[in-house]
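# Descriptive structure summary
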Amino acid sequence: MTATDWPLWEVFVRSRRGLSHTHAGSLHAPDAEMALRNARDLYTRRSEGVSIWVVPSTAVTASSPDEKDSFFEPAGDKPYRHPTFYEIPEGVQHL
Amino acid sequence: MATVAYGTDRTDEAARQAAFDAAVAADERIEPRDWMPDAYRASLVRQMAQHAHSEIIGMQPEANWITRAPSLRRKAILMAKVQDEAGHGLYLYSAAETLGTSREELLDKLHAGRQRYSSIFNYPTLTWADVGAIGWLVDGAAITNQVPLCRCSYGPYARAMVRICKEESFHQRQGYELLLALSRGTPAQHAMAQDAVDRWWWPSLMMFGPPDEESGHSAQSMAWKIKRHSNDELRRRFIEISGPQADALGLTLPTGEIDWDEFKEVLKGNGPCNEQRIAQRRRAHEEGAWVRDAAVAYAAKHGEGKPS
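Keep in mind that what you see is a predicted model, and the values were worked out from it rather than measured. (Residues numbered from 1 in each chain as written. Chains lettered and ligands numbered in written order. Predicted model: local features only at pLDDT ≥ 70, side-chain atom pairs only at ≥ 80, totals over all residues. Heavy atoms only, no water.)

Next up on the list: the overall build of chain B. Summing up its helical and strand segments, chain B has 13 helices and zero strands in all. Counting from the amino terminus, helix and strand elements in chain B follow one another as α-α-α-α-α-α-α-α-α-α-α-α-α. Against the globule reference of 19 Å for 308 residues, chain B gives a C-alpha radius of gyration of 21 Å, in line with a compact fold. Overall, the C-alpha framework of chain B stretches about 70 × 55 × 35 Å when taken along its three principal axes. Here chain B holds 308 residues, and the buried ones make up 51% of them. (Helix = DSSP H or I, 4+ residues; strand = E, 2+ residues; numbered from the N terminus. Rg over C-alpha atoms; globule rule 2.2 N^0.38 Å. Buried < 20%, exposed > 50% of the residue type's maximum accessible area, 1.4 Å probe, protein only.)

In terms of regular secondary structure, chain A is built from two helices and three strands. Starting at the N terminus, the α and β elements of chain A follow one another as β-β-α-β-α. Over its C-alpha trace chain A gives a radius of gyration of 21 Å, far above what one expects of a compact globule, namely 12 Å for 95 residues. Considered along the principal axes of its C-alpha atoms, chain A spans approximately 65 × 35 × 15 Å. Burial statistics for chain A: of 95 residues in total, 26% are counted as buried. A separation threshold of at least 6 residues defines the contact pool for chain A, and within that pool the share at least 24 residues apart is 40%. Carbon and sulfur atoms provide 55% of the accessible area of chain A, an area that totals close to 6700 Å². (Contact = heavy atoms within 4.5 Å. Areas by Shrake-Rupley, 256 points an atom, 1.4 Å probe, with all protein chains shown as cover.)

Right, let's get into the environment of Tyr80(A). Residues and elements named next belong to chain A. Looking at where Tyr80 falls in the secondary structure, it is placed in the segment after α2 (68–72). Each C-alpha atom, one on Tyr80 and one on Ile52, is 38 Å from the other, the two residues being 28 residues apart in sequence. Sequence-distant contacts of Tyr80, that is, excluding residues within four places in its chain, are made with Phe85 and Tyr86.

Before going further, it helps to examine the interface of chain A and chain B. The interface is formed by 31 residues belonging to chain A together with 30 residues belonging to chain B. Summed over both partners, the interface of chain A with chain B buries about 2500 Å², with 55% contributed by carbon and sulfur atoms. At the boundary of chain A with chain B, the tally comes to four salt bridges. A salt bridge links Asp84(B) to Arg46(A), with the shortest nitrogen-to-oxygen separation between them at 2.4 Å. On inspection of chain A and its partner chain B, the count reaches ten residue pairs in polar contact (both at pLDDT 80 or more). Contributing elements (two or more residues each) for the side of chain A that touches chain B: β1 (8–14), β2 (22–28) and α1 (32–43) of chain A. Looking at which element gives the most residues to the side of chain A that touches chain B, the answer is α1(A), with five residues. Its residues assigned to classes, the side of chain A that touches chain B comprises 14 nonpolar, eight polar and nine charged. (Buried area = accessible area lost by both parts, 1.4 Å probe. Salt bridge = Lys/Arg side-chain N within 4 Å of Asp/Glu carboxyl O. Polar contact = N/O pair within 3.5 Å; in protein donor to acceptor, adjacent residues only side chain to side chain. Nonpolar A, V, L, I, M, F, W, Y, C, P; charged D, E, K, R; others polar.)

So, on to the sheet that holds β1(A). Residues and elements named next belong to chain A. Read from one edge of the open sheet, three strands run β2-β1-β3, paired in antiparallel fashion. Looking at the sheet topology across the chains shown, the edges are occupied by β2 and β3 (51–56). Each strand of the sheet is rotated relative to its neighbour by a mean of 30°, with strand direction disregarded. Pairing analysis gives six bridges linking β1 to β3, with the strands arranged antiparallel. Residue pairing for β3: Val13 is matched across the bridge by Ile52. Against the sheet, α1 makes contact with β1, β2 and β3, and its axis sits at roughly 115° relative to β2, the strand it touches most. (Pairing = 2+ DSSP bridges. Axes fitted to C-alpha atoms, helices over the stretch in contact; angles between N-to-C directions.)

This paragraph deals with the side chain of His88(B). Summarising the element assignment, His88(B) is placed in helix α4 (residues 72–97). For His88(B), a relative accessible area of 0% translates into the label buried. In contact with His88(B), not counting residues within four places along its chain, are Arg45(A), Glu55(B), Ile164(B), Glu167(B), Glu168(B) and His171(B).

Residue and element names in this part refer to chain A. Together, Tyr80, Phe85, Tyr86, Ile88, Val92 and Leu95 make up an exposed nonpolar region whose accessible area comes to about 660 Å². Position of Ile88 among the secondary structure elements: in the segment after α2. Under the relative-accessibility criterion, Ile88 is labelled partly exposed at 45%. (Patch = residues over 30% accessible without salt bridge, like charges linked within 9 Å, V, L, I, M, F, W, Y side chains within 5 Å.)

Here we take up the packing of aromatic side chains. Tallying each qualifying case throughout the model produces 14 aromatic pairs over all chains. Plain terms: the ring middles of Tyr80(A) and Phe85(A) are 6.1 Å apart, the flat faces sit at 75° to each other, and that makes the pair edge-to-face. Of the residues examined, Phe85(A) reaches a relative accessible area of 43% and is grouped as partly exposed. A ring pair is formed by Trp260(B) and Phe263(B), whose centres lie 5.3 Å apart and whose planes are at 85°; its orientation type is edge-to-face. Separated by three residues within a single helix, Trp260(B) and Phe263(B) lie in helix α11 (residues 260–270), roughly one turn from each other. Phe263(B) gets classed as buried once you look at its relative accessible area, which sits at 7%. (Phe/Tyr/Trp six-rings, centres within 6.5 Å; stacked < 30°, edge-to-face > 60°.)

At their nearest, the axes of α1(A) and α4(B) sit 9 Å apart, and the two run at 110° to each other. When the axis of α1(A) is compared with that of α4(B), the two are roughly perpendicular. Contacts between α1(A) and α4(B) pair Asp41(A), Leu42(A) and Tyr43(A) from the former with Gln83(B), Gly87(B), Leu90(B), Tyr91(B) and Ser94(B) from the latter. For the contact of α1(A) with α4(B), the residue count by class is four nonpolar, three polar and one charged. (Parallel < 35°, antiparallel > 145°, perpendicular 65-115°, else oblique.)

Take unusual backbone geometry next. Keep in mind that most residues, glycine aside, have a negative phi and that most peptide bonds are trans. Even without being glycine, His94(A) reaches a positive phi, approximately 55°. With respect to the helices and strands, the residue His94(A) is situated in the segment after α2. Note on His94(A): relative accessible area 82%, which makes it exposed. A positive phi is found at Lys225(B), a non-glycine position, where the angle reads about 60°. Of note, Lys225(B) is situated in the loop between α9 (218–223) and α10 (231–249).

Geometry only, nothing functional implied.
In structure tokens form, the structure reads like this:
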């Protein structure tokens, strides 16, 4: 590794306790510790976070946009997975 | 990330173009792994690189005043602002990298003079009031340009712009407050503020780019929804909002016409500070090499940071 090919890291920030980490962006750094420090300076300059994850970008496996339709289609014809699919008589409470 | 290979026969190409056109027409965002026309990708790389370069070159004229800021308060504000500019550059370089161009390649092109940065940063900061004029006018013009970019059709660029626009507001207000303090100060301070506004007004108007009829990239960029408004439209909007702001400052805006010959000269490299800016950028990059090397050596020794 030379200074010109620092790996890319994806940065996830938890904005406050009780919320999940959300993708904030990416940055280059030679190792995880530097990635974390750089992420602190880059993505939380205004107290935007209470916790940061950094993940090597190469560790991310993504679904392909070309398969988008076939990949997500199976959920499309299953409206019965939603509560609004069911008709309940008027006046029934707590359901 | 691994990419799934696919064929590139003509029907596929036409179908992908149609899917791209439909997404843009429906105001959906294009994301990094979506198919996109080569010219769209090239246009984005050009614009995002120029934008990123402007952020980091823009650190220079303001950093010029950090050691001479008149109070600790002003110094802390200015350092935070210059640090923000570095951050904005990094957001934009990483957004540009999603298009398959490395940051290193973009920096090389900047250093070799093969990619541009905004012409505004080729003007010198002669007095402390210039720091205020940059915040109010230069950042103000940048905000006018950038707010519509938050709805740009390319997702990573739009997201970077949302973050940048939130931070730019502080930049503009600190500049305005600085000018207000000078304008209400001694006659000499007032004159200094007016002089800074007189010098930065025209270059700020040039930041919107050439007049619409001479703007080579505009029509296509607007069709792709990278750009949402024309140069002249944004320039007009900026002029309209600046008038009342100048009144409240107790300062006047110059009257007259934009000198487009000056704009062309600065673009050609003949502005007051073109050479100084790029030489300083190269020097900073070279002098930082040992820090980058040390970080790499440390990572190697501790067995982390495997190359991607």
